[in-house]
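The chain contents come next:
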Amino acid sequence: MANNKKQPDTKPTEDLIRACPKVLLHDHLDGGLRPATVIELAEKENVKLPEKDPQKLAEWFLRGADKGSLSEYLEGFSVTTGVMQTEEALSRVAYEMMEDMKKDGVVYVETRFSPLFHTKHGLSHDQVVESVLRGLKNGARRFGNKFGLIICAMRNTPPEHSLKMAELAVRFRNQGVVGFDLAGDELGHPPKDHLEAFHYIQRNNFYITIHAGEAFGKESIWQALQFCGTHRIGHGINLKHDIMDQDGKIIEMGNLAQYVLDRRVPLEICLSSNLHTGTVPHLRYHPFPIFYRNGFRVTINTDNRLMSGTSLTKEFLLGVENYGLMWRDMERLTLNAMKSAFFNFPARLDIIYNVIKPGYDKLRKTLQNAGNTAINT
Ligand SMILES: [Zn+2]
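Every value quoted in this text rests on a predicted model; they were computed, and no experiment measured them. (Residues numbered from 1 in each chain as written. Predicted model: local features only at pLDDT ≥ 70, side-chain atom pairs only at ≥ 80, totals over all residues. Heavy atoms only, no water.)

Visitor: Which residues make up the overall build of the protein, and what values do they have?
Guide: Looking only at helices and strands, the protein has 17 helices and 8 strands in total. For 377 residues, the compact-globule formula gives about 21 Å, and the C-alpha radius of gyration of the protein, at 20 Å, lands near that figure. Across its three principal directions, the C-alpha atoms of the protein cover 60 × 45 × 40 Å. When the accessible surface of the protein is totalled, it reaches about 15800 Å², and 49% of it is carbon and sulfur. Of the side-chain charges in the protein, 47 are positive and 45 negative, and the distance between the mean point of each set is 6 Å. (Helix = DSSP H or I, 4+ residues; strand = E, 2+ residues; numbered from the N terminus. Rg over C-alpha atoms; globule rule 2.2 N^0.38 Å. Areas by Shrake-Rupley, 256 points an atom, 1.4 Å probe, with all protein chains shown as cover. Lys, Arg positive; Asp, Glu negative; His and termini not counted. Charge placed at Lys NZ, Arg CZ, Asp CG, Glu CD.)

Visitor: Any chance you could break down the sheet that holds strand E3 (residues 146–154) for me, citing the residues and the numbers?
Guide: Reading across the sheet, the 8 strands line up as E1-E2-E3-E4-E5-E6-E7-E8 and stay open at both edges, with parallel pairing between neighbours. Both edges of this open sheet fall to strand E1 (22–28) and strand E8 (298–300), since each of them pairs with a single strand only. Neighbouring strand axes in the sheet, compared pairwise and without regard to direction, differ in orientation by 25° on average. Here E1 pairs with strand E2 (residues 106–113) via 5 bridges, running parallel. From the neighbouring strand, Leu-24 faces E2, where its bridge partner is Val-109. Seen against the sheet, helix H10 (residues 218–226) touches strand E5 (208–212) and strand E6 (232–235) and runs at an angle of roughly 165° to E5. (Pairing = 2+ DSSP bridges. Axes fitted to C-alpha atoms, helices over the stretch in contact; angles between N-to-C directions. Contact = heavy atoms within 4.5 Å.)

Visitor: Can you lay out the side chain of Asn-336 for me, pointing to particular residues and giving the numbers?
Guide: With respect to the helices, strands and loops of the structure, Asn-336 is situated in helix H16 (residues 327–340). Excluding its chain neighbours within four sequence positions, the residues that come into contact with Asn-336 are Phe-296, Arg-297, Val-298 and Thr-299.

Visitor: Outline the pattern of salt bridges, listing residues and values.
Guide: Under the definition given, this model contains 19 salt bridges. Across the salt bridge formed by Glu-268 and Arg-112, the nearest N and O atoms sit 3.1 Å from each other. Taken together, the positions of Glu-268 in strand E7 (residues 267–269) and Arg-112 in strand E2 put the pair 156 residues apart, joining distant regions of the chain. Just as Glu-268 is buried, Arg-112 falls in that class too. Here Arg-364 ties to Asp-361 by a salt bridge, and the two come within 2.8 Å at their closest N and O atoms. Here the residue Arg-364 and the residue Asp-361 both occupy positions in helix H17 (residues 345–369), the gap between them amounting to 3 residues, near one helical turn. Residue classification places Arg-364 among the buried positions, given a relative accessible area of 6%. Overall, the relative accessible area of 29% leaves Asp-361 in the partly exposed class. Residues participating in the shared-partner salt-bridge network are Arg-34, Glu-40, Arg-92, Glu-96, Glu-99, Asp-100 and Lys-103. (Salt bridge = Lys/Arg side-chain N within 4 Å of Asp/Glu carboxyl O. Buried < 20%, exposed > 50% of the residue type's maximum accessible area, 1.4 Å probe, protein only.)

Visitor: Summarise helix H15 (residues 312–323); cite the residues concerned and give the values.
Guide: Relative to the 16 Å expected for 12 residues at 1.5 Å per residue, H15 spans 16 Å between its end C-alpha atoms, a close match to the ideal helical length. When H15 is considered as a whole, its buried residues turn out to be Leu-312, Thr-313, Glu-315, Phe-316, Leu-317, Gly-319, Val-320 and Tyr-323. (Expected span 1.5 Å × (residues − 1).)

In short, geometric facts, not functional conclusions.
In structure tokens:
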């Protein structure tokens, strides 16, 4: 992974990682609320909470998430979506997300959610999306970072709901919505059940990412790519079964993995989330380093910051501690993410050349001036 720039060999620290420009492609809006905001909104909305103290509530979410099963992991969302039922609450959560991203050094974020869960108090799907976009735009204006919104359909709801979400995404494409996703429990709900929605998106020249190969095998990734026309894969970790045998030994790459590699299909990797849902028993068994070393277009993501008690900085730190990532790897992963964003091409180039690259150049200079002159190219 060498490049021709002099690289400081200082191990990335949490503070410096936070200061580096980062890009986040896979983050759920309803999985990233501040605990204090959940409490305030719950009081206003008369929603019952298991804990009233922000710290204890954060621990409750984490405990619920860290049970080793995706379906149990998803339970915390009934609480967060329960307090996101008014225009004001939706805008506030979106605005605060942009502020949290700014504090974490995220210069571009693609946040996602499903409007299907926010109509209990009578809001229309359009009102839900408008409210979230209002919060995101106000946040972007105030904090100077950029965003794209992805509309999720849910794999366990009827296909006609997915089509509605696809139509909604396309309707708001010029107002900040950049793509369409299929989320939810993978088991028993293959992506090809929702073909009509995906074909609608394709016919409208719009963008698709699909949660696939997380709780179900590599067939789910194959369907997402070859039936549904996805442009990115959420998680995708079961692609390892096309690369490795049961004992983790690398075998000859299968046609699916080769396709993903050759077509530069981005994989949205979420380390903490995979650990909490039990997709991997320990991070040492995570295929991320295999994908990365073999040149796959991998990106590092948070998935659900509240449920997993994480941030993008913390996810990179996990990469440093578990897989020995260095600064050049962080820059490469960040460029991977920006290249894979659904943001328009000139805007992607602008962030790459005017924000990410200068940010890493500055970091290299700072570290070298601070005496970390050992070079690791
Ligand atoms: Zn996700």
